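As a plain string of letters, each chain reads:
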Amino acid sequence: VVAGGTVELSCGVQGDPTPQVQWHKESGDLPWGRHEVDQEHTLHLYVVTPADAGTYVCTAQSQLGTAAATAHLHV
């Protein structure tokens with residue numbers, strides 16, 4: 001992505017009961033004040049900077065277990 005742009009990272013989850021979903025960055029925190037997660041569990045990063053580059057992890061957890069997926073962001 002180009003610096004200054006917006007990124008959307010989707011995390012498709014399903015289950016019964018619906019799993020709880022969390023996003024985190026492997027090395028560091030999500031950009032403070034520049035991210036949100038919508039009802040479909042998509043992570044939105046706004047006004048992306050080179051410091052936002054890295055690996056983002058979506059974790060889904062229910063009483064049946066935990067699953068995770070990663071996305072690599074290059075700025």
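Residues numbered from 1 in each chain as written. Predicted model: local features only at pLDDT ≥ 70, side-chain atom pairs only at ≥ 80, totals over all residues. Heavy atoms only, no water.

Asker: I tried to follow the pattern of salt bridges on my own but got confused; where do I start?
Answerer: Opposite charge on two side chains lets them pair, provided their charged atoms get close. What the rule picks out here adds up to one salt bridge. A salt bridge links Asp52 to Arg34; the nearest nitrogen and oxygen atoms lie 2.9 Å apart. A residue pair is termed long-range when its members are at least 10 positions apart, and Asp52 in the loop between β4 (43-45) and β5 (54-62) and Arg34 in the loop between β2 (20-25) and β3 (35-37) qualify at 18 residues. Residue class for Asp52 comes out buried when judged on its relative accessible area of 4%. (Salt bridge = Lys/Arg side-chain N within 4 Å of Asp/Glu carboxyl O. Helix = DSSP H or I, 4+ residues; strand = E, 2+ residues; numbered from the N terminus. Buried < 20%, exposed > 50% of the residue type's maximum accessible area, 1.4 Å probe, protein only.)

Asker: What should I look at first to understand the environment of Leu43 in this one?
Answerer: Summarising the element assignment, Leu43 is placed in strand β4. Sequence-distant contacts of Leu43, defined by excluding residues within four places in its chain, comprise Val7, Glu8, Leu9, Trp23, Leu30, His35, Glu36, Val37 and Tyr56. (Contact = heavy atoms within 4.5 Å.)

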